[in-house]
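# Residue-level structure breakdown
Next come the chains, spelled out residue by residue.
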Amino acid sequence: MLIQMENVKKDYALGKTTVHAVRGVSFSLREGEFAVIAGPSGSGKSTLLNLMGLLDVPTSGKISFEGKDVSSISESEATNIRKTRIGFIFQTFNLIPVLTAFENIELPLILKGKKEEDREERTKRILKETGISDIASHKPDELSGGQRQRVAIARALVSGPDVVFADEPTANLDSETGMQIIKIMQKLNKTEGVTFVFSTHDTRLFKIAGRRLELRDGRIVKDVVQNGNKK
Amino acid sequence: MLFRTAIRNSLKYFRRSLVIVICIAISTVAMQTMDGIGEGFKMSALRFMLNQQGMIVFEPVKAEPLEFAVYSISKYEDIKEEILKIIPDARISGKIFSPAIVVKDSFSIETAVTSEDDISGTIIGEKTAKMLDSKVGDTVILFGSNRYGGLSVVPAKVESTISENFRSIRNGKGIMLPISLARMLLGWGEQEVRLVQINFDEFWRADEYTEQLREVFPDIKITSWRERLTNIEDLFKVSDFKMNTFAAIILILVAGIIMNTVLTSVLERKNDIGTLRSIGASRIYVTKMILLEIIFVSLIGTLIGTSLSYIIIKFLLKGGIALGEVGGVIDYMSGSIYPEIVPLKWFIHIVFAIVWAVIWSLYPVLYIVRMKPVDALKKTL
């Protein structure tokens, strides 16, 4: 099992009140899954992705990554896992504005300490796979939303992670581009075998995923395996 | 990639970079200009004092403070010749100091008598002149003790009076005599002087010349200015303190601006920093990236500041600065000071300005890198 969540809760203090963003969530993710976390705004999708991606720590419960408890690991350990095993795609693309598309994609490889030739070879390959070789030298503000998200996908995949978390990757894109982005992710899931978990409230995208986790008020209300996948 | 990102970030956030550049340039100018003026003051004060007191001084070996009228250096002209063989550009001056009692109209005052070769007549300080009710043309009677302990009486015609704070007539209470008159008062021969002062251009060679002169004149006490002016460092410390205080005030003001600017800058890029942290950049990596940017911007600031300092110093060198404006450390000094550039100290100031910027950037940088990635990724604080 790649990721296992056991009765995971996350509370936030908002002034004097406590917001229960995730209320005792339990589920497992296998390697190679293409899962969607569905739910309306405020249902806890982003919080759940942040917890799975080790960007945040749970208030209680246990999160295991490949069998290892990562609920209370140190920040440096979490950074190391994010660097080597996890990729992120954000709703607002989150590309580094002063770097070109090529440099943005290359960045995780630099953080991993890869040699220059290796970096160049991998970056060029992923640029080709995501169909953005022609915009490699452009900076983010010279790119369209769809192109930016492709760069973000390439950046998330370039270092060969086990799992990629995408937080509403299509929210800032028109429906056609959004669908294209999801299809690229789906293709890479099949060809590279990378586990994808993405959140959305776009019902059209629910059908594409192999598994659908529906979230309401911080709880999983439905966990559906579809499109011939096994749970 | 780190350096490239740092440079591009500093260009992207140009206004904030510009604030830091200006702050560092001001700090550098403050430190370097104050140092230049301070060094110039030291050098001017040193030259002034050496000209007054001599770079090398010859005194009789057995001279004691209360017996100085008794001992003298004889064969003054022969000594001058020997000195000139060792120090060709030497400016040699024989001096006589003697206590005396000056009397006129039954009023008496104890005063000191100074004599120099170039004094042609009797010059009296204004305060002394008032006390003696004397004016130019009057004759004052000087009573002194000659070398044998006997009384000597010398009439001296007042050639002119001089204002206060002039050279060695401190507070105007003194009389400057021609050397011949002083000799008469002391009962000394023509070749006798109380001490010999030597000045020359290369004052830093005083110790070297002193050693050579000691070999030639083993019976005379010879001291260089470094051996006599042991408290000069204290005087310079006062000057340094004044200059450093001014620079410190500027540095403290600048520190606040830098900290505030860097804090605003990192908060503006909170999302980028959160992104970097989420894709696996360590806290150290992000810290390095931001500090490199600060160092790069500060380096530009120091280069601009150093250029400005150089222009200011060159401008000040044209007219000099009146000594009184420096703070009256030596209130009887006259003339102007000319700032001096000490390259090593300027280099230290450049390094210090950069380190100063880094130190005051540390709080904002540590604040942002210690933030959880998920918090850094939030749109609001």
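You'll find the structure just up there.
Residues numbered from 1 in each chain as written. Chains lettered and ligands numbered in written order. Predicted model: local features only at pLDDT ≥ 70, side-chain atom pairs only at ≥ 80, totals over all residues. Heavy atoms only, no water.

## Remarks on the interface of chain B and chain A
Quoted interface sizes are often the accessible area lost when the parts come together. Every contact between the two is made by 23 residues of chain B and, on the other side, 27 residues of chain A. Taken together, the two surfaces of chain B and chain A that pack against each other cover about 2,200 Å², and 65% of this comes from carbon and sulfur. For the chain B face of the interface with chain A, the top three residues by lost area are Met 1, Arg 8 and Ile 279 of chain B, together amounting to 28%. Connecting chain B to chain A are 4 salt bridges. Seen at the junction of chain B and chain A, the total is 9 residue pairs in polar contact (both at pLDDT 80 or more). Those elements that place two or more of their residues in the side of chain B that touches chain A are helix 1 (2–12), helix 9 (270–278), helix 10 (283–319) and helix 12 (373–376) of chain B. Sorting elements by how many residues they give to the side of chain B that touches chain A places helix 9 of chain B first, with 6 residues. A per-class count over the side of chain B that touches chain A returns 8 nonpolar, 7 polar and 8 charged. (Contact = heavy atoms within 4.5 Å. Buried area = accessible area lost by both parts, 1.4 Å probe. Salt bridge = Lys/Arg side-chain N within 4 Å of Asp/Glu carboxyl O. Polar contact = N/O pair within 3.5 Å; in protein donor to acceptor, adjacent residues only side chain to side chain. Helix = DSSP H or I, 4+ residues; strand = E, 2+ residues; numbered from the N terminus. Nonpolar A, V, L, I, M, F, W, Y, C, P; charged D, E, K, R; others polar.)

## Focus: helix 1 of chain B
Residue and element names in this part refer to chain B. Turning to helix 1, its buried residues number three or more, namely Leu 2, Thr 5, Ala 6, Asn 9 and Ser 10. Angularly, the buried residues of helix 1 cover 130 degrees about the axis, an arc narrow enough to put them on a single face. In this structure, the buried side of helix 1 is in contact with helix 2 (14–53) and helix 10. (Buried < 20%, exposed > 50% of the residue type's maximum accessible area, 1.4 Å probe, protein only. Arc of directions from axis to C-beta.)

## Thoughts on the packing of aromatic side chains
Inspection of the entire model under this criterion finds 12 aromatic pairs over all chains. Put simply, the rings of Phe 34, Phe 196 and Phe 198 of chain A pair up and form one aromatic cluster. If you follow Lys 12 of chain B out to its NZ or CZ, it ends over the ring of Tyr 13 of chain B, 5.6 Å from the centre. (Phe/Tyr/Trp six-rings, centres within 6.5 Å; stacked < 30°, edge-to-face > 60°. Lys NZ or Arg CZ within 6 Å of the ring centre and 35° of its normal.)

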